[in-house]
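# Understanding the architecture of this molecule
Listed below, chain by chain, are the residues.
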Amino acid sequence: MKKVLFLLLSFFTLLTAHGQMVNPVKWSSRVEKISDTEFNLVMEAKIDDDWHVYSQFTPENGPLPAEFKFKDAKGNYELIGKVKESPYKKQYNDVFEVDEYYFEKKATFTQKIKVTNPKITTVKASVDYQVCKEVCINQDNTFTFQLPKITVAETVVTPEVTDTVSVDTVQVAAQESTPNKTTTLLKSKPEEQKGLLSIFILAFLGGFAALLTPCVFPMIPMTVSFFTKQSKNKAEGKRNAILYGLSIIIIYVILGSLVTAIFGSDALNALSTNVWFNLIFFFLLIFFAASFLGAFEIVLPNSWANKVDRQADRGGFIGILFMALALAIVSFSCTGPIIGTLLVEAASKGGLAPIVGMVGFSLALALPFMLFAMFPGWMNSLPKSGGWLNTVKVSLGFLELALAFKFLSKADLVTQSHLLPREIFLAIWIAVFGAWALYLFGKITLPHDSQLSHISVGRLFMALLVTSFTFYLIPGLWGAPLKVLSGFPPPLYYSESPEGVGGSGAVIDTGEKLPDNAKKISHGLITFLDYEAGMAYAKKVNKPVLLDFTGHGCENCRKMEDYVWSDKEVLNILKNDLVLISLYVDEKKELPENEKYVSKQTGKEIETVGNKWSDFQITRYQTNTQPQYLILDLEGNTISDGSTSYDPDVEKYKAWLLNGIAKFK
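Residues numbered from 1 in each chain as written. Predicted model: local features only at pLDDT ≥ 70, side-chain atom pairs only at ≥ 80, totals over all residues. Heavy atoms only, no water.

The next subject is the overall build of the protein. Per the secondary structure count, the protein includes 18 helices and 19 strands. Going through the 665 residues of the protein one by one, you find that 51% of them count as buried. Looking at the protein alone, contacts between residues at least 24 apart form 74% of all its contacts between residues at least 6 apart. For the protein, the accessible area works out to roughly 31,000 Å², and carbon and sulfur atoms hold 60% of it. (Helix = DSSP H or I, 4+ residues; strand = E, 2+ residues; numbered from the N terminus. Buried < 20%, exposed > 50% of the residue type's maximum accessible area, 1.4 Å probe, protein only. Contact = heavy atoms within 4.5 Å. Areas by Shrake-Rupley, 256 points an atom, 1.4 Å probe, with all protein chains shown as cover.)

Quick look at the structure:
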């Protein structure tokens, strides 16, 4: 569901952004006088709705950070400290498995300077930055500050930016920011809704799993018996059953609300990529797993249960509420680890996620008690309690154990310690799920298991499913992408062998000599990084060109490469029928002095390789979004039916490629 919603959102965004110039950020600047020689240079950005700009403190390997340059400072003025920012927002990107720091609506940047040359009247500065909304754009802007001769600060509005280039979002490892105010997290509504929906579904499944544990399941007939005997008539019995179910929901929602109130919704999300947060919850989930596997039981004091049980005898709604509380306390040894895990996962979402999670959990837990109390005849269809309940509990223990290493992996990625690279993570998961499969087959027994003479058909099917999943994981050790698990294991590049054992991974090194200005990328493809070099090679081999405007930090570009270019037929076309030229619009390598120029289209100074390719895209194709693909003939003319952008439809992309190739022939 999460991926489907994301793809739909990307599609509609691209429909509006593709094929036209996009300028979502408007800049203004002003000068604030501090003293006769000290000034604050203030740069303010107004950001269109749903777009966001990345902070200058974005860590390495993340999206393109804002970068400020101040010209001719030597001998004229001194920069005092770094550029200060207004508070940014932080959000974890599960595709790149790191944080991203960004601004929405507006951002303010302030640089303090001390003038050393009294004759200077202006200060020139520029900013390179990235602005994103599914697709991303690299922009830059130039500021000219008029230094005031009086105490009143002037305001100078700078020209609007027209030179924009898109690169998709990625996430960055957590780093401390310079703002003094507390960092705030605000998600866009579509992302927030998707996150809450996934939490609700996960929590609902967790509640259903808790229902099938030895601490909860046997209590269903006991509860039904109580309501049937204590109610004067069927109507009262149904009313009391509904009140009992609502009481269960109220208790767990209060728990979720307390977690949110104590820690704060934003603080929870800020903790989601904190190293210590992830390490603590790694050990906590190991603790929960050990409990489920039978090492010990997590129980609340018996005195609590006794006091609550006495209150349940009061009758009325208060009595029913205490009955529900008694259920929560007595069943805590089974529900506690599940609740703890759900709250940990909800914490990584922030906002209302803990409350939504407890609604989903309690709803799944309460519904059977309500329905069986309302319709006692249904009790005959329930299976009898037995050893299968402990099997469910142990299975949850294996899942808790596997999930624990997700948090350890996140802490490792944040610190870039490479203590848990992809191969080791997958080896651990293979061991965990392999042991679970052996347990289900009856080859491993644990402390609370009853003697097993045979396994049921349901247990056999579950064992086969877990075994199949274990075998699915194994090729990941040799570089298989394991797309089903996207977001759980470390990415392919975070590996002891990024090219895969024996060169079988995402990047294949055959030892062949590459043409000049070319490099090998995913799936063994060779791409040219320079337009002229790629066109010259295309003329040499007499093949059409696939021109790919991309970026190092382009998320949708990587998705196209992973999900579309990896298709066998598409890959064959790319390798044999086309010459690939990939122009990275966020490449920060500086151009030689004799190649720098001012764009005739935008009036911008072109100083880097990325500037050059972005200006090329804007000037020639009047668009600035990535990814953008075109098929060219040997003279550089577009022969494809227009250009195409992010679209995960493999057949559509293949047909577009073949159409362009046919026109070349």
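A residue-level look at the protein finds 68% of positions with pLDDT of 70 or above and a mean pLDDT of 74. Within the protein, the element-level pLDDT minimum falls on strand E12 (residues 164–166), averaging 36, and the maximum on helix H12 (residues 422–440), averaging 93. Residue range residues 150–192 is modelled with pLDDT below 50. Its contacts to residues more than four positions away, or to other chains, number 173 contacts. (pLDDT = per-residue confidence, 0-100.)

So, on to the environment of Asn572. Residue position: Asn572 is located in helix H16 (residues 568–576). Put simply, Asn572 and Leu525 are 47 residues apart on the chain and 9.8 Å apart in space, counted from C-alpha to C-alpha.

Attention now goes to the sheet that holds strand E14 (residues 526–528). As summarised here, the arrangement of the 5 strands in space is E13-E14-E16-E15-E19, forming an open sheet in which the pairing is mixed. The open sheet is flanked by strand E13 (518–520) and strand E19 (628–632), the only strands paired with a single partner. Each strand axis lies, on average, 30° off the axis of its neighbour in the sheet, ignoring direction. Relative to strand E16 (residues 579–584), E14 runs parallel, the two being bridged by 2 bridges. The residue bridging Thr527 from the neighbouring strand is Leu580, located in E16. (Pairing = 2+ DSSP bridges. Axes fitted to C-alpha atoms, helices over the stretch in contact; angles between N-to-C directions.)

Once that is clear, we can look at the packing of H12 against helix H13 (residues 457–473). At their nearest, the axes of H12 and H13 sit 8 Å apart, and the two run at 160° to each other. Between H12 and H13, the angle falls in the class roughly antiparallel. In the crossing of H12 with H13, the sense of the turn from one axis to the other is left-handed. Contacts from Leu426, Trp429, Ile430, Phe433, Gly434, Trp436, Ala437, Tyr439 and Leu440 in H12 reach Arg459, Met462, Ala463, Val466, Thr467, Phe469, Thr470 and Leu473 in H13. Counted by class, the contact of H12 with H13 contains 13 nonpolar, 3 polar and 1 charged residues. (Parallel < 35°, antiparallel > 145°, perpendicular 65-115°, else oblique. Left-handed = near helix turned anticlockwise from the far one by under 90°. Nonpolar A, V, L, I, M, F, W, Y, C, P; charged D, E, K, R; others polar.)

In total, this model carries 6 cavities of 30 Å³ or more according to the counting rule given. Computed from the structure, the largest cavity encloses a volume of approximately 150 Å³. Taken together, Lys69, Lys71, Ser126, Asp128, Asp140, Asn141, Thr142, Lys604, Glu605, Glu607, Thr608 and Asn611 make up the full set of residues lining the largest cavity. Listed by contribution, the elements that provide at least two residues to the lining of the largest cavity are strand E9 (122–133) and strand E10 (135–146). (1 Å grid on protein atoms, 1.4 Å probe; cavity = no way out; pocket = protein on both sides within 12 Å on 5 of 7 lines; lining within 4 Å. Points joined across faces, edges and corners; volume = space filled by probe spheres on them.)

In this section: the packing of aromatic side chains. Any aromatic ring pair is given by two values, namely how distant the centres are and how the planes are angled relative to each other. Applying the stated criterion across every chain yields a total of 27 aromatic pairs. A ring pair is formed by Trp27 and Phe109, whose centres lie 5.9 Å apart and whose planes are at 35°; its orientation type is tilted. With Trp27 in strand E1 (residues 25–33) and Phe109 in strand E8 (residues 106–115), the pair connects residues that are 82 residues apart, well separated along the chain. Both residues of the pair, Trp27 and Phe109, belong to the buried class. Aromatic pair Phe528 and Tyr537: ring centres 5.0 Å apart, planes at 40°, arrangement tilted. By relative accessible area, Phe528 is classed as buried at 3%. Its relative accessible area of 30% is what places Tyr537 among the partly exposed residues. (Phe/Tyr/Trp six-rings, centres within 6.5 Å; stacked < 30°, edge-to-face > 60°.)

A separate point is H13. For H13, built from 17 residues, the straight-helix expectation of 24 Å at 1.5 Å per residue is met to within 8% by its first-to-last C-alpha distance of 25 Å. Restricting attention to buried positions, one finds in H13 the residues Arg459, Ala463, Val466, Thr467, Thr470 and Leu473. Angularly, the buried residues of H13 cover 110° about the axis, an arc narrow enough to put them on a single face. Facing away from the buried surface of H13 by more than 90 degrees, the exposed residues are Val457, Phe461, Leu465 and Phe471. (Expected span 1.5 Å × (residues − 1). Arc of directions from axis to C-beta.)

There is a patch of nonpolar side chains on the surface, built from Leu197, Ile201, Phe204, Leu205, Leu367, Leu371 and Phe375 and spanning about 530 Å² of accessible area. Going through the elements one at a time, helix H2 (189–211) and helix H10 (353–374) are the ones with two or more residues in the nonpolar patch. The biggest single contributor to the nonpolar patch is H2, with 4 residues. Summarising the element assignment, Leu197 is placed in helix H2. (Patch = residues over 30% accessible without salt bridge, like charges linked within 9 Å, V, L, I, M, F, W, Y side chains within 5 Å. Salt bridge = Lys/Arg side-chain N within 4 Å of Asp/Glu carboxyl O.)

In this structure, E1 lies alongside strand E2 (residues 38–47), joined through 9 bridges in antiparallel fashion. Residue pairing across strands places Lys33 opposite Phe39, the latter belonging to E2. Where E1 folds back on E2, the antiparallel hairpin that results is connected by 4 residues.

Although it is not a glycine, Asp50 adopts a positive phi angle of roughly 75°. You can see Asp50 is positioned in the loop between E2 and strand E3 (52–54). Its identity is not glycine, yet Lys105 carries a phi of approximately 70°, on the positive side. Tracing the chain through its elements places Lys105 in the loop between strand E7 (98–104) and E8.

Another aspect to go through is the pattern of salt bridges. For the structure on display, the rule yields 14 salt bridges. Residues Lys71 and Glu605 are paired through a salt bridge, measuring 2.8 Å at the closest nitrogen-oxygen approach. Linking Lys71 in the loop between strand E4 (67–70) and strand E5 (77–85) with Glu605 in strand E18 (residues 605–606), this pair joins segments that are 534 residues apart in sequence. Note on Lys71: relative accessible area 28%, which makes it partly exposed. Measuring nitrogen to oxygen at the nearest pair gives 2.3 Å for the salt bridge that ties Lys654 to Glu569. Placement of the pair is Lys654 in helix H18 (residues 650–664) and Glu569 in helix H16, with a sequence separation of 85 residues. In this structure Lys654 comes out as buried when scored by relative accessible area, which is 12%. You can call Glu569 partly exposed: its relative accessible area is 46%. When salt bridges that share partners are traced, they join Arg30, Glu32 and Glu44 into one network.

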